[in-house]
Amino acid sequence: IKRIKFGRRLLDGGKTQIEGWLASTSGVYASTDGGERFVRMTPPPQGPDGYAHFASFEDIEGFHEVYAVVWQGIAHWPGQGGGWELQLPTYSYAIGSVAVGPDREIWAVGHAPNPEGKRIYDPAIYYLPPRSRSWTMTRAKTSCTRPMSACSPWLASAVTAPNSLR
């Protein structure tokens, strides 16, 4: 299990229900009984889309929507009755986490694509405007040839947002 989150949902008649979600290697699961039982919310890893290795997730408005970091990139679940969609495919470079901003914009951090197959570890920030499906990426100004954890001291001074994000 990589991440878990619980919250209280207000039901009809003023009653409440404890709900929980967790991300694990095999998928994202939800509980509506305070964590007693969890039900898979994602397709199984052996399915045709191969969703697996979930690292993190973030919800919008009490799990009415979910964005998740999976080995393939960033997946989106639009809510009850909707299917999971790989919204930002990455495959060959890792995204580490995802967050929801105050205006429902989505932010993610991780590696940038490797140019021309070179093995470099440029950090990147990904941004999805509210109610959009078009992600933008800002690459750090530095190229680090070591793993991201060794490059992180440069991240704060190396990243500048494009004009559209300022």
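No experiment lies behind these values; they were computed from the predicted model shown.

## Focus: the nonpolar core
Core analysis: the biggest nonpolar cluster contains 15 residues, and Tyr67, Ile74, Ile106, Ala108, Tyr126 and Trp135 have the highest contact counts within it. Listed by contribution, the elements that provide at least two residues to this core are strand S6 (65-70), strand S9 (95-100), strand S10 (106-111) and strand S11 (123-128). Discounting residues that sit within four places of it in the chain, tryptophan 135 has contacts with Tyr67, Ile74, Gln87, Leu88, Ile106, Ala108, Tyr126, Tyr127 and Leu128. Counting 14 residues, the second largest nonpolar core, distinct from the first, contains Trp21, Tyr51, Phe54 and Val70.

## Brief notes about the sheet that holds S9
Judged by pairing direction, the sheet is antiparallel, and its 4 strands sit side by side in the order S9-S10-S11-S12 without closing on themselves. Of all the strands in the sheet, just S9 and strand S12 (136-139) have a single pairing partner and so form its edges. The sheet shows a mean angle of 20 degrees between the axes of neighbouring strands, taken without regard to direction. In this sheet, S11 lies alongside S10 in antiparallel orientation, the contact comprising 6 bridges. When the bridges of S11 are listed, isoleucine 106 appears paired with leucine 128.

## Brief notes about the confidence of the model for the protein chain
Low pLDDT marks stretches whose predicted atomic positions should not be read closely. On average, the protein chain scores 82 in pLDDT, and the residues at 70 or more come to 84%. Confidence over residues 151-166 falls short of pLDDT 50; this stretch has 23 contacts with residues more than four positions distant or in other chains.

## Observations concerning the sheet that holds strand S1 (residues 3-10)
Ordered in space as S1-S2-S3-S4, the 4 strands form an open sheet in which the pairing is antiparallel. Looking at strand neighbours, the two that pair on one side only are S1 and strand S4 (39-40), the edges of this open sheet. In the sheet, strand S3 (residues 27-31) pairs with S4 via 2 bridges, with the strands oriented antiparallel. What sits directly across from tyrosine 29, in S4, is arginine 40.

## Side note on the pairing of S3
Of all 5 residues in S3, 5 are buried, a share of seventy percent or more. Residue alternation in S3 divides its side chains into two sets, Gly27, Tyr29 and Ser31 and Val28 and Ala30, and both sets are buried. Pairing analysis gives 5 bridges linking strand S2 (residues 16-24) to S3, with the strands arranged antiparallel. Considered in S3, the bridge of alanine 23 is made with valine 28. The hairpin formed by S2 and S3 contains 2 residues between the paired strands.

## Re unusual backbone geometry
Phi at tyrosine 91 is positive, roughly 55 degrees, even though this residue is not glycine. Locating tyrosine 91 in the fold gives a position in the loop between strand S8 (85-89) and S9. Even without being a glycine, arginine 104 presents a positive backbone phi close to 70 degrees. For arginine 104, the position within the fold is in the loop between S9 and S10.

The rules behind these values
- Residues numbered from 1 in each chain as written.
- Predicted model: local features only at pLDDT ≥ 70, side-chain atom pairs only at ≥ 80, totals over all residues.
- Heavy atoms only, no water.
- Core = buried A, V, L, I, M, F, W, Y, C linked by side-chain atoms within 4.5 Å.
- Buried < 20%, exposed > 50% of the residue type's maximum accessible area, 1.4 Å probe, protein only.
- Helix = DSSP H or I, 4+ residues; strand = E, 2+ residues; numbered from the N terminus.
- Contact = heavy atoms within 4.5 Å.
- Pairing = 2+ DSSP bridges.
- Axes fitted to C-alpha atoms, helices over the stretch in contact; angles between N-to-C directions.
- pLDDT = per-residue confidence, 0-100.

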